[in-house]
Amino acid sequence: MTKTALFIVDVQGDFLPPDGSLMVPAGLLVKPAIISLLTDPKYKWDYVVASQDYHPPGHISFASSHPGHRVYSDIELKDGRGILYEQKLWPDHCVQGTKGCEIAPDLAAKIAERGDTAKLVRKGWHKDVEAYSAFDGYLTDFSNPADPPSEIDPQPARKIVQWLRDQGVTKVVVAGLAAELCVAHTALSAVASRFQTAILQPATRAIEERDAEEQWDKLCAVGARIIGRANRPRTLRWEDELDQWLAAEKAGAWPEWKNKNNGTA
Ligand code: VGL
Ligand code: ZN
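Residues numbered from 1 in each chain as written. Chains lettered and ligands numbered in written order. Predicted model: local features only at pLDDT ≥ 70, side-chain atom pairs only at ≥ 80, totals over all residues.

1. As for the overall build of the protein
Thinking step 1. When helices and strands are tallied, the protein shows six helices and nine strands.
Thinking step 2. By the compact-globule yardstick of 18 Å for 265 residues, the protein fits well, its C-alpha radius of gyration being 18 Å.
Thinking step 3. Oriented by its inertia axes, the alpha-carbon framework of the protein measures out at about 60 × 40 × 35 Å.
Thinking step 4. Taken across its 265 residues, the protein has 42% of its residues classed as buried. (Helix = DSSP H or I, 4+ residues; strand = E, 2+ residues; numbered from the N terminus. Rg over C-alpha atoms; globule rule 2.2 N^0.38 Å. Buried ≥ 20, exposed ≤ 12 C-beta atoms within 10 Å, placed from the backbone.)

2. Here's the deal with the site of ligand 1
Thinking step 1. Near ligand 1 you find D10, F15, L22, D53, W90, L177, A178, L181 and C182, and these make up its full shell.
Thinking step 2. A per-class count over the shell around ligand 1 returns seven nonpolar, no polar and two charged. (Near = placed C-beta within 6 Å. Nonpolar A, V, L, I, M, F, W, Y, C, P; charged D, E, K, R; others polar.)

3. Here's the deal with the sheet that holds strand β7 (residues 169-176)
Thinking step 1. Strand order across the open sheet formed by seven strands is β6-β5-β2-β1-β7-β8-β9, with mixed pairing between neighbours. With partners counted over all chains shown, the strands left at the sheet margins are β6 (137-141) and β9 (225-227), one partner each. Averaged over neighbouring strand pairs, the angle between their axes works out to 25 degrees when direction is ignored.
Thinking step 2. Each of β1 (3-9), β2 (47-53), β5 (118-123), β6 and β7 touches helix α3 (residues 156-167); the most contacted strand, β6, lies at about 40 degrees to it. (Pairing = 2+ DSSP bridges. Axes fitted to C-alpha atoms, helices over the stretch in contact; angles between N-to-C directions. Contact = placed C-beta atoms within 7 Å.)

4. Describing the nonpolar core
Thinking step 1. Counting residues in hydrophobic clusters, the biggest one holds 69 residues, and the most contacted among them are F7, I8, V174, A175, V183 and I199.
Thinking step 2. Considering every element that reaches this core, the biggest residue donor is helix α4 (residues 179-192), with eight residues.
Thinking step 3. Residues in contact with I8, not counting those within four places in the same chain, are I34, V48, A50, L107, I111, A175 and G176. (Core = buried A, V, L, I, M, F, W, Y, C linked by C-beta atoms within 7 Å.)

5. Focus on unusual backbone geometry
Thinking step 1. Of note, the bond from P17 into P18 is cis; its omega dihedral lies within 30 degrees of zero at 5 degrees.
Thinking step 2. At the junction of L177 and A178, the peptide bond is cis and its omega measures out at -20 degrees in the coordinates.
Thinking step 3. Here A178 is to be found in the loop between β7 and α4.
Thinking step 4. Positive phi is not limited to glycine here, since D10 has a value of about 50 degrees.
Thinking step 5. Looking at the secondary structure, you find D10 in the loop between β1 and α1 (30-39).
Thinking step 6. D10 gets classed as buried once you count the C-beta atoms within 10 Å, which come to 30.
Thinking step 7. Despite not being glycine, Y72 shows a phi value in the positive range, around 75 degrees.
Thinking step 8. Within the fold, Y72 resides in the loop between β2 and β3 (74-78).

6. Re the packing of α1 against helix α2 (residues 105-112)
Thinking step 1. Relative orientation of the contacting elements α1 and α2 amounts to 15 degrees, with a least axis distance of 10 Å. Here α2 runs roughly parallel to α1, going by the angle between their axes. Read as a crossing pair, α1 and α2 show a hand that is left-handed. Between α1 and α2, the contacting residues are K31, I34, I35, L38 and T39 on the first element and D106, L107, K110 and I111 on the second.
Thinking step 2. Across the contact of α1 with α2, the residue classes break down as five nonpolar, one polar and three charged. (Parallel < 35°, antiparallel > 145°, perpendicular 65-115°, else oblique. Left-handed = near helix turned anticlockwise from the far one by under 90°.)

7. Description of α4
Thinking step 1. When the terminal C-alpha atoms of α4 are compared, their 18 Å separation across 14 residues agrees well with the 20 Å that a helix rising 1.5 Å per residue should span.
Thinking step 2. Among the 14 residues in α4, 12 count as buried, and that is most of the element.
Thinking step 3. By the burial criterion, the buried members of α4 are A179, E180, L181, C182, V183, A184, H185, T186, A187, L188, S189 and A190.
Thinking step 4. In the core, the buried residues of α4 are packed alongside β1, β2, α3, β7, β8 (196-204) and α5 (209-221).
Thinking step 5. R194, located one to two residues past α4, shows a positive phi value of around 70 degrees. (Expected span 1.5 Å × (residues − 1).)

8. Description of the packing of α4 against α5
Thinking step 1. Axis separation between α4 and α5 bottoms out at 9 Å; the angle between their running directions is 10 degrees. Here α4 lies roughly parallel to α5, going by the angle between them. Across the interface between the two elements, A179, E180, A184, A187 and L188 of α4 pack against D211, A212, Q215 and L219 of α5.
Thinking step 2. Split by residue class, the contact of α4 with α5 holds six nonpolar, one polar and two charged.

9. A short note on the environment of W90
Thinking step 1. Mapped onto the elements of the fold, W90 is located in the loop between β4 (84-88) and α2.
Thinking step 2. Excluding residues that lie within four positions of it along the chain, W90 makes contacts with L22, S61, F62, A63 and V71.

10. Points about the UniProt feature "domain: Isochorismatase-like" (unreviewed entry) in the protein
Thinking step 1. Within this structure's numbering, the places UniProt gives as "domain: Isochorismatase-like" (unreviewed entry) are residues 160-228.
Thinking step 2. Taken as a whole, residues 160-228 contains 51% helix and 29% strand, while its terminal C-alpha atoms sit 27 Å from one another. (UniProt positions renumbered as here; feature names shortened; annotations may be inferred.)

Following this line, the structure appears as structure tokens:
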């Protein structure tokens, strides 16, 4: 049986109106779609994985940590693993223990109702490591989250991918904020690890919608499905498109890492 995980990325105070420090202008519009994903009994998510941007004060991605550099400028940095990369500098956001870091309470309450099948990924938890993909955090229980690890894991995605495979998950649906950043990077990770991957566009919103369009093109090119893509001619409602995608058990679509005997042996 194909198992499916719903990823709800970063629906946190600081990404939401009215007073998030890194607000996605239309961010609140993801809520109705996500609530229906969580409450309509026709959806049989085997796991719901919520991700949480979870930065300590002074995080490497904050402009305030780099005096003389402006918010939204790009800067070359070396991170806590010694990796050189280009960082866009953000306003302080999602600082551990603050209101802005909390997952939207209405969604959090619904997610928590799932008990053991509700998971949490916290990312960007180390002061000197940035993380956009929900695969680049540490996995813990949604209702009883563990403290961050004591050391940087050089390849955090391995653990999450292994956990999903161990559970039999082959399909991943991604929703949340911000579309062009953490949602897109989460979907790219899922594709890279050979999960069948769909982004539910009506359940995402971008800081800059044009940047999201670019990411959707990239994701389509690597085999992800953008369900309910806005501004495109459509014959189906997104709900029906999602139902079809979830029901499809494409011949030959078994990931390479699955048992070759297809479970018969
Ligand atoms: C995000 C910018 C910085 C996101 C997180 O959740 O999309 N964006 N940190
Ligand atoms: Zn962040």
